[in-house]
Amino acid sequence: MSLWEYANPQKFMQTSQAVLPAIWGLTALSMVVGLVWGFFLTPEAENFGSTVKIIYLHVPAAMMAINAWVMMLVASLIWLIRRHHVSALAARAAAPVGLTMTLIALATGAIWGQPMWGTYWAWDPRLTSFLILFLFYLGYIALWEAIENPDAAADLTSVLCIVGSVFAVLSRYAVNFWNQGLHQGATLSLDKQENIANVFWLPLLVCLGAFILLFVALVLERTRTEIRVRRIKALIARERMA
């Protein structure tokens, strides 16, 4: 059994149909547990008060915004190297999900920034790189829509994805590259002095798992839709030629 078997659209459709109900169930369960635990069963943080609880949306959304682009990069490279259409469609399917995660991260960051920094926005290295990543998501989606030939669109968007990966990396490590700006360091860290307290850390891990499952479920659903759309377009083209 090879992983490349799932590059076959029929095999992908069968497998995804089988696993999606379980993934959606786990997503709903972990999302409810994580958000209820984080928002209602954790104490207020010293110096931050109840505003700290926004991390249960902000941190998972920000991490998935970056990792969604990484997933798109891997899928795009597979398309460029092996020309598997499912990988190109999966990258296309992930883009709106990543865009939404980026928007959630920017919005919740602004909500957090007002009481903590006294402003909704600052040209902080991490905030700025995240804004640029958001614009790359918009450009990626627009490029797919602008090109009629699907293979040409997949080629050009794959190149754009490779270029945009620079800003995905900057969004993750901007605080480490530039020791300036308002944004604090990593919320989750192997360094015990840097990592948040367990009372906040454990529900945050549940929320992070929930967002990962949500991303996987949405990408699988959207990829299935993209495959169906591709099949319908192919049937319409054949009818016109007949």
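Each value, and the rule that gives it
- Residues numbered from 1 in each chain as written.
- Predicted model: local features only at pLDDT ≥ 70, side-chain atom pairs only at ≥ 80, totals over all residues.
- Heavy atoms only, no water.
- Helix = DSSP H or I, 4+ residues; strand = E, 2+ residues; numbered from the N terminus.
- Expected span 1.5 Å × (residues − 1).
- Buried < 20%, exposed > 50% of the residue type's maximum accessible area, 1.4 Å probe, protein only.
- Core = buried A, V, L, I, M, F, W, Y, C linked by side-chain atoms within 4.5 Å.
- Contact = heavy atoms within 4.5 Å.
- UniProt positions renumbered as here; feature names shortened; annotations may be inferred.
- Phe/Tyr/Trp six-rings, centres within 6.5 Å; stacked < 30°, edge-to-face > 60°.
- Patch = residues over 30% accessible without salt bridge, like charges linked within 9 Å, V, L, I, M, F, W, Y side chains within 5 Å.
- Areas by Shrake-Rupley, 256 points an atom, 1.4 Å probe, with all protein chains shown as cover.
- Salt bridge = Lys/Arg side-chain N within 4 Å of Asp/Glu carboxyl O.
- Polar contact = N/O pair within 3.5 Å; in protein donor to acceptor, adjacent residues only side chain to side chain.

*Asks:* Teacher, can you tell me more about helix α4 (residues 125–146) here?
*Replies:* Each α-helix turn comprises 3.6 residues. Residues three or four places apart therefore point the same way. With 22 residues, α4 should reach 32 Å at 1.5 Å per residue; the first-to-last C-alpha distance of 31 Å fits that figure. Buried within α4 we find Pro125, Arg126, Leu127, Ser129, Phe130, Leu133, Phe134, Phe136, Tyr137, Tyr140 and Trp144.

*Asks:* Is there a simple way to think about the nonpolar core in this case?
*Replies:* A general trend in soluble globular proteins is that nonpolar side chains are found buried together. By size, the foremost hydrophobic cluster in this structure holds 36 residues, and its most contacted members are Trp69, Met72, Met101, Phe130, Tyr137, Tyr140 and Phe215. Secondary structure elements with two or more residues in this core: α2 (55–82), α3 (85–117), α4, α5 (150–177) and α6 (198–241). Once you skip the residues sitting within four places of it in the chain, Met72 turns out to touch Ala91, Ala94, Ala95, Tyr137, Tyr140 and Cys161.

*Asks:* What am I meant to see in the environment of Ile66 here?
*Replies:* Residue position: Ile66 is located in helix α2. The buried category is assigned to Ile66, whose relative accessible area is 11%. A sequence separation of 67 residues divides Ile66 from Leu133, and the C-alpha atoms of the two residues are 8.4 Å apart.

*Asks:* Would you explain the UniProt feature "transmembrane region" (unreviewed entry) in the protein in this entry?
*Replies:* Within this numbering scheme, the UniProt entry marks residues 21–42, 54–81, 93–115, 127–147, 159–179 and 199–220 as carrying the feature "transmembrane region" (unreviewed entry). Strand forms 0% of residues 93–115 and helix 100%; the C-alpha atoms that close the span are 36 Å apart. In residues 199–220, helix accounts for 100% and strand for 0%; the two terminal C-alpha atoms are 33 Å from one another.

*Asks:* Honestly, the packing of aromatic side chains in this entry has me stumped. Any pointers?
*Replies:* Two measures describe an aromatic ring pair: the distance that separates the ring centres and the angle between the ring planes. Under the defined criterion, the tally for this structure stands at four aromatic pairs. Through a chain of ring-to-ring contacts, the aromatic side chains of Trp69, Phe136, Tyr137 and Tyr140 assemble into a single cluster.

*Asks:* For this particular structure, what's the right way to read unusual backbone geometry?
*Replies:* Trans is the prevailing form of peptide bonds, just as negative phi is the prevailing case for residues other than glycine. The phi dihedral of Arg83 falls on the positive side, at around 60 degrees, and the residue is not glycine. By the element assignment, Arg83 lies in the loop between α2 and α3. Owing to a relative accessible area of 37%, Arg83 belongs among the partly exposed residues under this scheme.

*Asks:* Teacher, can you tell me more about a nonpolar patch on the surface here?
*Replies:* A grouping of Leu29, Val32, Val33, Val36, Trp37, Phe40, Leu41, Leu202 and Leu205 is seen on the molecular surface, where their side chains present a nonpolar patch of about 840 Å² in accessible area. Those elements that provide at least two residues to the nonpolar patch are α1 (9–40) and α6. Counting residues per element, the nonpolar patch draws most heavily on α1, which supplies six residues. The class of Leu41 is exposed, set by a relative accessible area of 60%.

*Asks:* Please explain the side chain of Ser87 as it appears in this structure.
*Replies:* Checked against the element boundaries, Ser87 lands in helix α3. Here the side chain of Ser87 touches His84 through a polar contact of 2.6 Å, landing on its backbone oxygen. If near-sequence neighbours (up to four positions away) are discounted, Ser87 is found in contact with Ala75, Ile78 and Trp79.

*Asks:* Where do I start with the pattern of salt bridges in this structure?
*Replies:* Close approach of charged atoms lets side chains of opposite charge pair. Taken as a whole and assessed by the stated rule, the structure comprises four salt bridges. Its salt-bridge partner being Asp155, residue Arg83 comes within 2.8 Å of it at the nearest N-O pair. Residue Arg83 is found in the loop between α2 and α3, and its partner Asp155 is found in helix α5; the two are separated by 72 residues along the sequence. Among the salt bridges present, the one from Arg92 reaches Glu145, with a minimum N-O distance of 3.1 Å.

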